[in-house]
Amino acid sequence: MDRIAIIGGAQLNGTIPVSGAKNSAIKLMAASLLTDEPLRLTNMPRLADTRFLGKLLTRLGVEVTESDGSDGQQTLLHAPEITSGFAPYDLVRQMRASFNVLGPLVARSGQAKVSLPGGCTIGARPVDLHLQAIEALGAKIDLHEGYVYAQAPRGLKGAEITFPFVSVGATEHAMLAAVLADGVSVIHNAACEPELVDLQECLNAMGAKVEGAGTPTVTITGVPRLHGATHAVIPDRIEMGTYAVAAAMAGGEVRLSNARPGLIDALLDKLKEAGAGVEETADGCIIRRDGQRLTAVDIETAPFPGFATDLQAQFMALMTTARGESRIRETIFENRFMHAPELMRLGADISVSGGEARVRGVEQLEGAEVMATDLRASVSLVIAGLVARGETTVSRIYHLDRGFERLEEKLGACGAQVRRIKGDGEAEL
Ligand code: UD1
């Protein structure tokens with residue numbers, strides 16, 4: 001298994017281009033199941049998660065072709081017909097969001113058998129709201145032996161869907177299914193994340209009639225069929241936020257480009273409050289720190305536009321060397337502090353109680369061997385490694401490869417000493 005080794009102490013200076021958003025790309029890829037015409041996605045990140053989903057989609061009848069042209073990385077997805085409605089456990093288990101093929105499969109071909117995704121290190125992550133939505137749209141749902149059997153032989157019907165609390169995945173899933181339903185669907189208490197707006201734009205480019213994404217009420221007027229389209233994936237706000245935190249941690253001056261303003265305001269406000277220099281630009285932002293120690297600030301995760309739970313681990317890493325005590329409250333997932341004990345191996349002073357962590361900043365972290373426990377946790381360890389004295393090695397970085405494209409290259413181009421150590425122990429610079 002590969003590891004990442006970081007020698008701490010180098011400042012970051014340069015430009016980091018932000019890739020297309022993983023969390024958006026994988027839902028957009030699932031949208032290709034809704035039409036017999038090709039869907040071309042541009043600004044596509046190349047990640048383990050997009051590869052997993054590509055594998056599953058191929059099995060369902062989608063021809064998936066990746067290309068790297070002058071206008072960037074693209075994926076062409078074409079499903080002339082659905083050849084199978086079966087999403088097996090071994091593929092869904094590898095990436096939870098694969099579950100989102102259920103809705104499009106039922107919407108297009110009237111049936112699906114999709115594995116339940118199972119647990120996850122950051123919490124139970126049930127899919128009850130997803131099933132509530134697909135059932136409300138008229139599908140008959142049965143659960144047997146770890147599989148969801150969904151049937152709607154005469155097609156889905158528009159419905160009112162009211163979620164008891166906000167779920168990004170369930171809102172996206174409801175949208176993906178309702179676009180081909182007969183009649184109007186209204187989703188109440190919808191998630192407002194930018195990825196939902198991206199999905200709306202893509203579906204509408206395919207001929208769907210979706211309004212309101214980005215607000216708590218989304219209205220979908222079903223259409224009998226969708227057609228092909230070309231759509232550019234929205235920039236990855238979590239990747240952008242991660243490098244913003246990395247720059248604030250290491251010091252120096254980093255320009256984040258190929259992004260959009262307004263995607264990570266909650267984080268940028270906290271970085272400013274902590275004492276980092278933040279300048280918003282037309283396609284991203286510039287983060288500066290001149291060597292002065294940051295001040296501890298508190299955060300509480302919340303649905304968009306609040307502080308993203310996917311940036312919590314990175315911010316905790318930042319606070320480990322800030323002056324004072326920071327309180328970090330996690331409100332979205334119940335078990336999302338697995339990075340805390342790993343950061344403590346690097347010398348951080350953290351105590352966790354329930355959904356709250358208290359981080360008392362230390363002057364200096366020390367390099368150590370640490371282990372990635374989930375996708376965002378793994379990058380928080382890399383961020384800490386940027387300032388830890390000596391070498392930090394992060395193992396189990398398959399978590400990192402799920403969501404960060406060319407991380408060593410992007411950080412390395414700004415002066416970080418980061419390298420991947422291949423599974424056989426040989427270093428790759
Ligand atoms: C998505 C993102 C993930 C991010 C999260 C919150 C993707 C691939 N992943 O995950 O990176 O951290 O949004 O911004 O886009 N819940 C239920 N029942 C359900 C669905 C969710 O109880 O049917 C709970 C979850 O366990 C969690 C909360 O709702 O506690 C929010 O989860 P949700 O917004 O659905 O997250 P995901 O879509 O899984």
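What this report covers is the structure whose coordinates are included nearby. Note that the structure is a prediction, hence the values are computed from the model and not measured.

Observations regarding the overall build of the protein
Tallying secondary structure elements over the protein gives 14 helices and 25 strands in all. Rg of the C-alpha trace for the protein: 22 Å, near the compact-globule value of 22 Å for 429 residues, within the 12% margin. Across its three principal axes, the protein shows a C-alpha extent of roughly 65 × 45 × 40 Å. Residues counted as buried form 56% of the 429 residues belonging to the protein. Expressed as a percentage of contacts within the protein between residues at least 6 apart in sequence, the contacts between residues at least 24 apart total 72%. Looking at the protein as shown, the accessible area adds up to about 16,300 Å², and 48% of this sits on carbon and sulfur atoms. For the protein, the centre of its 42 positive side-chain charges and the centre of its 53 negative side-chain charges are spaced 2 Å apart.

Regarding the site of the ligand
If you check the shell around the ligand, you find 19 residues, and the closest are Asp128, Ser167, Gly169, Asp310 and Ile332. In this structure, an oxygen atom belonging to the ligand sits 2.7 Å away from a main-chain N or O atom of Gly169. Between Ile332 and the ligand, the recorded distance is 2.7 Å, taken from a backbone N or O atom to an oxygen atom. In isolation the ligand offers 750 Å² of accessible surface; the protein chains occlude 85% of this area.

Observations regarding the sheet that holds strand S3 (residues 39-42)
Each strand in a sheet pairs with its neighbour through backbone hydrogen bonds, running either in the same direction (parallel) or in the opposite one (antiparallel). Pairing within the open sheet is mixed, and its four strands lie in the order S4-S5-S3-S14. In this open sheet, the two edge strands, each paired with only one partner strand, are strand S4 (63-69) and strand S14 (229-232). Each strand axis lies, on average, 20° off the axis of its neighbour in the sheet, ignoring direction. In this sheet, S14 lies alongside S3 in parallel orientation, the contact comprising four bridges. Looking at S14, one finds that Arg40 is bridged to Thr230. Here helix H1 (residues 22-31) sits on the sheet and contacts S3, strand S5 (72-78) and S14; the angle it forms with S3, its principal contact strand, is near 170°.

Notes on the layout of surface pockets
Of the volumes computed, that of the second largest pocket is approximately 310 Å³. If you go around the second largest pocket, you meet 17 residues; those closest to its centre are Met249, Ala250, Arg289, Thr321 and Val387. Split into classes, the residues belonging to the lining of the second largest pocket amount to nine nonpolar, five polar and three charged.

Overview of the pairing of S3
Pairing of S3 with S5, which is carried by four bridges, proceeds in the antiparallel orientation. Paired with Leu41 across the bridge in S5 is Thr75.

Quick notes on the nonpolar core
In terms of nonpolar packing, the biggest core is built from 75 residues, with Val101, Leu102, Met175 and Leu203 touching the most fellow members. If near-sequence neighbours (up to four positions away) are discounted, Leu203 is found in contact with Ala31, Leu34, Met175, Leu176, Val179, Ala208 and Val210. In this structure, Val278, Met319, Ala322 and Val379 belong to the second largest nonpolar core, which totals 71 residues.

Some remarks on the pairing of strand S11 (residues 184-188)
In terms of strand pairing, strand S10 (residues 160-162) meets S11 through three bridges, oriented parallel. Across the sheet, Glu160 pairs through a bridge with Val186, a residue of S11. The β-α-β motif built from S10, the intervening helix H6 (residues 168-178) and the parallel element S11 has right-handed crossover chirality. With five bridges connecting them, S11 and strand S13 (residues 217-221) associate as antiparallel partners. By the bridge assignment, Val186 is partnered in S13 with Thr219.

Quick notes on the packing of aromatic side chains
Per the stated rule, a full pass over the model turns up two aromatic pairs. With a centroid separation of 5.6 Å and an interplanar angle of 40°, the aromatic rings of Phe86 and Tyr147 are classed as tilted. Of this pair, Phe86 sits in strand S6 (residues 86-87) while Tyr147 sits in strand S9 (residues 147-151), and the two are 61 residues apart along the sequence. In this structure Tyr147 comes out as buried when scored by relative accessible area, which is 15%. Pairing Phe307 with Phe315 gives two aromatic rings, centres 5.5 Å apart and planes at 75°, and the pair type is edge-to-face. Note that Arg93 overlies the ring of Tyr89, its terminal NZ or CZ placed 5.7 Å from the centroid. The positively charged end of Lys113 is found above the aromatic ring belonging to Tyr147, 4.8 Å away from the centroid.

Remarks on empty space enclosed by the protein
Going through the model one piece at a time under the given rule, you end up with one cavity of 30 Å³ or more. Approximately 30 Å³ is the volume attributed to the largest cavity. Residues belonging to the lining of the largest cavity are distributed by class as follows: three nonpolar, three polar and three charged.

Considering the sheet that holds strand S8 (residues 140-144)
One open sheet accounts for four strands, arranged S6-S7-S9-S8; its pairing is mixed. Here the strands that pair on one side only, and so sit at the sheet edges, are S6 and S8. When strand S7 (residues 111-115) meets S9, the two strands line up antiparallel, connected through five bridges. Paired with Ser115 across the strands is Tyr147, a residue of S9.

Looking at the pattern of salt bridges
Side chains bearing opposite charge may pair, as long as their charged atoms lie close to each other. Under the defined criterion, the tally for this structure stands at 29 salt bridges. We note a salt bridge from Asp2 to Arg420, for which the minimum N-O separation is 3.2 Å. One end of the pair, Asp2, is in the segment before strand S1 (3-7); the other, Arg420, is in strand S24 (residues 417-421), with 418 residues separating them in the sequence. Taking relative accessible area as the criterion, Arg420 reaches 11% and is therefore assigned buried. Residues joined in a network through salt bridges with shared partners are Asp2, Asp401, Glu408, Arg420 and Lys422.

Quick notes on the packing of H1 against helix H7 (residues 194-205)
Running from N to C, H1 and H7 cross one another at 30°; their axes reach a closest spacing of 9 Å. The angle between the axes of H1 and H7 places the two elements in the roughly parallel class. When the axes of H1 and H7 are compared, the crossing they make is right-handed. Residue-level inspection shows Asn23, Ser24, Lys27, Leu28 and Ala31 of H1 in contact with H7, the latter providing Glu195, Asp198, Leu199, Cys202 and Leu203. Tallied by class, the residues present in the contact of H1 with H7 amount to five nonpolar, two polar and three charged.

Definitions and cut-offs
Residues numbered from 1 in each chain as written. Predicted model: local features only at pLDDT ≥ 70, side-chain atom pairs only at ≥ 80, totals over all residues. Heavy atoms only, no water. Helix = DSSP H or I, 4+ residues; strand = E, 2+ residues; numbered from the N terminus. Rg over C-alpha atoms; globule rule 2.2 N^0.38 Å. Buried < 20%, exposed > 50% of the residue type's maximum accessible area, 1.4 Å probe, protein only. Contact = heavy atoms within 4.5 Å. Areas by Shrake-Rupley, 256 points an atom, 1.4 Å probe, with all protein chains shown as cover. Lys, Arg positive; Asp, Glu negative; His and termini not counted. Charge placed at Lys NZ, Arg CZ, Asp CG, Glu CD. Near = heavy atom within 4 Å. Polar contact = N/O pair within 3.5 Å; in protein donor to acceptor, adjacent residues only side chain to side chain. Pairing = 2+ DSSP bridges. Axes fitted to C-alpha atoms, helices over the stretch in contact; angles between N-to-C directions. 1 Å grid on protein atoms, 1.4 Å probe; cavity = no way out; pocket = protein on both sides within 12 Å on 5 of 7 lines; lining within 4 Å. Points joined across faces, edges and corners; volume = space filled by probe spheres on them. Nonpolar A, V, L, I, M, F, W, Y, C, P; charged D, E, K, R; others polar. Core = buried A, V, L, I, M, F, W, Y, C linked by side-chain atoms within 4.5 Å. Right-handed = clockwise from strand over helix to strand, strands pointing away. Phe/Tyr/Trp six-rings, centres within 6.5 Å; stacked < 30°, edge-to-face > 60°. Lys NZ or Arg CZ within 6 Å of the ring centre and 35° of its normal. Salt bridge = Lys/Arg side-chain N within 4 Å of Asp/Glu carboxyl O. Parallel < 35°, antiparallel > 145°, perpendicular 65-115°, else oblique. Left-handed = near helix turned anticlockwise from the far one by under 90°.

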